[in-house]
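Spelled out from the first residue to the last, the chains are:
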Amino acid sequence: MLDFTHDPTATAWLDSANAPDTDFPLQNLPFGRIRRAASGEEWRIGVAIGDAVLDLRRALALGRWTSVEQVLLEPLAQGDLNVHMARPSAQRRQLRHALFEALRAGSPQAARLSAALVPQADVEHSLPARVGDYTDFYAGIHHAEAVGRLFRPDNPLLPNYKWVPIGYHGRASSLVVSGTPVRRPWGQRKGPQDEVPTFAPSLRVDHELELALWVGPGNALGEPIPLAQADEHLFGVGLLNDWSARDIQPWEYQPLGPFLAKNFASTVSPWIVTWEALAPFRCPQERPEGDPPSLAYLDSAANRSQGGLDIQLEVWLTPAGGRPSRIATSNARHLYWTAAQLLTHHASNGCNLQPGDLLGTGTISGPSPEQAGSLLELTQGGKQAIVLSDGQTRIFLQDGDELALRAHAERAGAKRIGWGACSGRVSPAVPAA
Ligand code: MN
């Protein structure tokens, strides 16, 4: 649903929000949980604008708001995004409209609210919301095919893939916000030539390029969410690095699926771009000719014509003290299942989704080799090293490496919006006792 907040010609009274390459123009308005770095002050929700953050705690105190807007801002001022995620989409849209008007060039609020801005360089982040449950899907078909080919060259995709969205329940407690160091995990591994497994620090720490779908209101236990209502329950989209230990994974994953190879850390971006802000970047669902149609509960004309997301994705690797190298690019349009289908399928048995639940899409690789969303794929299963811009080579991540995901959406007739970075640096494993 497009409205005046998507007008690409609208500008903000803060100049940095009008720079052509900013991730955070007036049309974006993503939410994060912030405070001034090292201040020890209470957390509050902020909205990124240009190179600054509008501190909603100060904005509530300093700005002029209607009584309805004050009610919407109150929990955000207290640092609670979950309450806002639970609100009906009409109320979330109402707050977006109010923030847009307040930050728009010529707003009578400009003088009052300029005192509620904090430079982004001066804030620290926590996770944007409390995550009750985290589920990770496997909706990137090019990733599923490439990884499947490593194990089953003749039959890369399992027979269920094009019928049922595959996923597993992850672990919410080890989700961390961008910037948090990621410790190399210990784990059991057993190579094909090994007689018995060993327990040691992982030698194959990898990243996974994913989107984080943040759940809005959710559903009561036993009451599924029809596909036609899925949009109302999608609060927004972040970036997700589902760190993976590729030597622990193959030994432990059968028969119950991923476990300790995945839950030592998963990094999310500090900013959640709202579902409303993404309206101009919807695109047709990408499905090869001749694939089976989705079953009725996962199918609609609207989902086929505009269920996809045209979001450009990048993966950057920076060795300790070295230069950043862009090691992959991809696009969220390559996902086999749409965000609405993932959400609807998850609730289709009556499983209750709650505000702040997080659904990972699965690794979003594109069809060509340089669009691979993990090192496992980029190195063909660890057989072919990649070369970085400073000549160093990598098969998997080394201690001190920083891995950053970036994303933006860009289209004719729309203002470009972005996510900033979702990054983490690998730190050494706990020393042996
Ligand atoms: Mn994953």
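Residues numbered from 1 in each chain as written. Predicted model: local features only at pLDDT ≥ 70, side-chain atom pairs only at ≥ 80, totals over all residues. Heavy atoms only, no water.

Engineer: Would you mind going over the pattern of salt bridges with me for this structure?
Structural biologist: As a working rule, side chains carrying opposite charge can pair if their charged atoms are close by. Applying the stated criterion across every chain yields a total of 25 salt bridges. The partner of aspartate 206 in a salt bridge is arginine 246, and the shortest N-O contact between them spans 2.8 Å. One end of the pair, aspartate 206, is in strand S12 (residues 205-206); the other, arginine 246, is in the loop between strand S15 (244-245) and helix H8 (249-252), and 40 residues separate them in sequence. Note on accessibility: aspartate 206 and arginine 246 belong to one class, buried. Here aspartate 242 and lysine 262 are joined by a salt bridge, their closest N and O atoms 3.4 Å apart. Taken together, the positions of aspartate 242 in the loop between strand S14 (234-241) and S15 and lysine 262 in the loop between H8 and strand S16 (266-268) put the pair 20 residues apart, joining distant regions of the chain. The pair formed by aspartate 242 and lysine 262 is uniform in burial state, with each residue classed as buried. Within this structure, Arg36, Glu41, Glu42, Arg44, Asp55 and Arg57 form a network of salt bridges that share partners. (Salt bridge = Lys/Arg side-chain N within 4 Å of Asp/Glu carboxyl O. Helix = DSSP H or I, 4+ residues; strand = E, 2+ residues; numbered from the N terminus. Buried < 20%, exposed > 50% of the residue type's maximum accessible area, 1.4 Å probe, protein only.)

Engineer: What exactly am I supposed to notice about the sheet that holds strand S5 (residues 123-126) here?
Structural biologist: Strand pairs in the sheet, formed through backbone hydrogen bonds, run parallel or antiparallel to each other. Taken in spatial order, the five strands line up as S4-S3-S2-S1-S5 in an open sheet, and their pairing is antiparallel. Each edge of the open sheet is held by one strand with a lone partner, namely strand S4 (117-119) and S5. Across the sheet, the mean angle from the axis of one strand to that of its neighbour is 50°, orientation sign disregarded. Bridging between strand S1 (residues 31-36) and strand S2 (residues 44-49) involves four bridges; their strand directions are antiparallel. Residue arginine 33 lies in a different strand from S2, and its bridge partner there is isoleucine 45. (Pairing = 2+ DSSP bridges. Axes fitted to C-alpha atoms, helices over the stretch in contact; angles between N-to-C directions.)

Engineer: Is there a simple way to think about the environment of glycine 373 in this case?
Structural biologist: Secondary-structure assignment places glycine 373 in the loop between strand S22 (358-360) and helix H11 (375-378). According to the relative accessible area criterion, glycine 373 is buried, its value standing at 0%. For the pair glycine 373 and glycine 132, spaced 241 residues apart in the sequence, the C-alpha separation amounts to 26 Å. Ignoring anything within four residues of it in the chain, the contact list for glycine 373 reads His207, Glu208, Leu209, Thr363 and Ser365. (Contact = heavy atoms within 4.5 Å.)

Engineer: Is there a simple way to think about the nonpolar core in this case?
Structural biologist: Where a protein is soluble and globular, its nonpolar side chains tend to be buried together. Ranked by size, the top nonpolar core spans 67 residues in total, and within it Leu211, Trp243, Leu278, Ile311 and Ile327 carry the most contacts. No other element matches helix H10 (residues 339-347), which puts five residues into this core. Trp65, Leu117, Val268 and Leu358 belong to the second-largest nonpolar core, a separate cluster that totals 45 residues. (Core = buried A, V, L, I, M, F, W, Y, C linked by side-chain atoms within 4.5 Å.)

Engineer: Can you walk me through the environment of glycine 420 in this structure?
Structural biologist: As for its placement among the helices and strands, glycine 420 is situated in strand S26 (residues 417-427). Taking the relative accessible area as the measure of exposure, glycine 420 reaches 10% and is therefore buried. Each C-alpha atom of the pair glycine 420 and phenylalanine 24 lies 8.4 Å from the other, and the pair is 396 residues apart in sequence. Those residues in contact with glycine 420, other than ones at most four positions away along the chain, are Asp23, Phe24, Leu239, Leu405, Arg406 and Ala407.

Engineer: Would you explain the layout of surface pockets in this entry?
Structural biologist: Remark: the empty space left among the atoms is shown by a probe the size of a water molecule rolled over them. If you add up the space inside the largest pocket, you get close to 1,100 Å³. Along the walls of the largest pocket sit 42 residues, with Tyr138, Val147, Phe151, Gln249 and Tyr253 positioned nearest its centre. Taken together, the elements giving at least two residues each to the lining of the largest pocket come down to strand S6 (134-137), helix H6 (141-151), strand S7 (167-169) and H8. Of the residues contributing to the lining of the largest pocket, the split by class is 18 nonpolar, eleven polar and 13 charged. In this structure, the second largest pocket spans a volume of roughly 520 Å³. Lining the second largest pocket are 22 residues; nearest its centre among them are Met1, Asp231, Trp275, Arg282 and Gln306. If you list the elements that add at least two residues to the lining of the second largest pocket, you get helix H4 (89-103), helix H7 (230-233) and helix H9 (301-306). Here the lining of the second largest pocket is built from residues that sort into eight nonpolar, seven polar and seven charged. Looking at which domains feed residues into the lining of the second largest pocket, each of domain 1 (4-126) and domain 2 (134-427) supplies at least three. (1 Å grid on protein atoms, 1.4 Å probe; cavity = no way out; pocket = protein on both sides within 12 Å on 5 of 7 lines; lining within 4 Å. Points joined across faces, edges and corners; volume = space filled by probe spheres on them. Nonpolar A, V, L, I, M, F, W, Y, C, P; charged D, E, K, R; others polar. Domains from an automatic or database assignment.)

Structural measurements only, silent on function.
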